[in-house]
Amino acid sequence: MTSRNISRFWEWGRKIICVGRNYADHAKELKNAVPTEPVLFLKPPSAYLKEGSPILVPRYSSNLHHEVELGVVIGKGGASIPESEAMEHIAGYALCLDMTARDVQDECKSKGLPWTMAKAFNTSCPVSEFIPKERIPDPGNVTLWLKVNDQLRQSGCTSQMIFSVPYLISYISDFITLEEGDLILTGTPKGVSAVQEHDELQAGIQDVVTISFRVDRQQL
Ligand SMILES: CC(=O)CC(=O)C(=O)O
Ligand SMILES: [Mg+2]
């Protein structure tokens, strides 16, 4: 039997659980209410994208937005994990982009429909290499940034998150059993904006990792 390596978690076929509106400044820029409990949605494993391949603008969208986020890679699964034990369930981290077809999301919101077409399409989850847990001693105090064609668009610290990483692990695991290799996207700070075909995106966790992705349009 071949053993799987957590440093290639994106190949495991596990679920991607995303937290929305976890930064008050981002909730406000999109005129959303600041939540009193986490807003959750899912992406399928087919959303993963690694550096070297382009982000594809879905053919049904003309307003694709970047959202830079801290990703948490689960190392030890569990259900109903107490907040006090949550950090023991983390294997490491990844820098992630929650690519969002904002025009489609706005339409879904106005019709009361789920966000799947806006959030879960192929290439909607570009990720960095796996970052071992030891390299980020406090996930509640790292700076995330994102540039489009060398212009800074997003910069924020995870200390601004409304719900902390341990709280999110505990909250999610109360109704979705977490498994080794799952990824949690913890929400984006303000500054989201549209990207176009041929744009170059660069993003980073300050002093830890950087990633770059080119944007292409899905072929008709
Ligand atoms: C409004 C959103 O798209 C929520 C989201 O994904 C976030 O990170 O916040
Ligand atoms: Mg997001």
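Up top is the structure these notes are about.
Quick notes on the rules
Residues numbered from 1 in each chain as written. Chains lettered and ligands numbered in written order. Predicted model: local features only at pLDDT ≥ 70, side-chain atom pairs only at ≥ 80, totals over all residues. Heavy atoms only, no water. Helix = DSSP H or I, 4+ residues; strand = E, 2+ residues; numbered from the N terminus. Rg over C-alpha atoms; globule rule 2.2 N^0.38 Å. Buried < 20%, exposed > 50% of the residue type's maximum accessible area, 1.4 Å probe, protein only. Contact = heavy atoms within 4.5 Å. Areas by Shrake-Rupley, 256 points an atom, 1.4 Å probe, with all protein chains shown as cover. Core = buried A, V, L, I, M, F, W, Y, C linked by side-chain atoms within 4.5 Å. Near = heavy atom within 4 Å. Polar contact = N/O pair within 3.5 Å; in protein donor to acceptor, adjacent residues only side chain to side chain. Nonpolar A, V, L, I, M, F, W, Y, C, P; charged D, E, K, R; others polar.

## Side note on the overall build of the protein
Moving on, step 1. Of regular secondary structure, the protein possesses four helices and 16 strands.
Moving on, step 2. Taking 2.2 N^0.38 as the reference for a compact globule, 220 residues should give roughly 17 Å; the C-alpha atoms of the protein span a radius of gyration of 16 Å, in line with that estimate.
Moving on, step 3. Over its C-alpha atoms, taken along the principal directions, the protein stretches across nearly 45 × 40 × 30 Å.
Moving on, step 4. Taking all 220 residues of the protein together, 53% fall into the buried category.
Moving on, step 5. Excluding contacts between residues fewer than 6 apart, the proportion of contacts in the protein whose partners are at least 24 apart in sequence is 77%.
Moving on, step 6. Carbon together with sulfur atoms contributes 48% to the accessible area of the protein, which is approximately 10000 Å² in total.

## What to know about the nonpolar core
Moving on, step 1. Counting residues in each nonpolar core, the largest one holds 64 residues, and the members touching the most others are F9, L97, I169, L183 and I205.
Moving on, step 2. The element best represented in this core is strand 7 (residues 90–97), accounting for six residues.
Moving on, step 3. Every residue in contact with L183, bar those within four places of it in the chain, is listed here: F9, K15, I16, I17, Y48, G71, V72, V73, C96, C125 and V127.

## Here we look at the site of ligand 1
Moving on, step 1. Taken together, 14 residues lie near ligand 1, and R21, E67, E69, D98 and K119 sit nearest.
Moving on, step 2. At a separation of 2.7 Å, an oxygen atom of ligand 1 approaches a polar backbone atom of R21.
Moving on, step 3. Side-chain polar atom of H26 to an oxygen atom of ligand 1: 3.3 Å apart, as the coordinates give it.
Moving on, step 4. Burial of ligand 1 by the protein chains amounts to 100% of its free accessible area of 280 Å².
Moving on, step 5. The set of elements that each furnish at least two residues to the shell around ligand 1 consists of strand 1 (16–20) and helix 2 (102–111).
Moving on, step 6. Along the lines of polarity and charge, the residues of the shell around ligand 1 split into three nonpolar, five polar and six charged.

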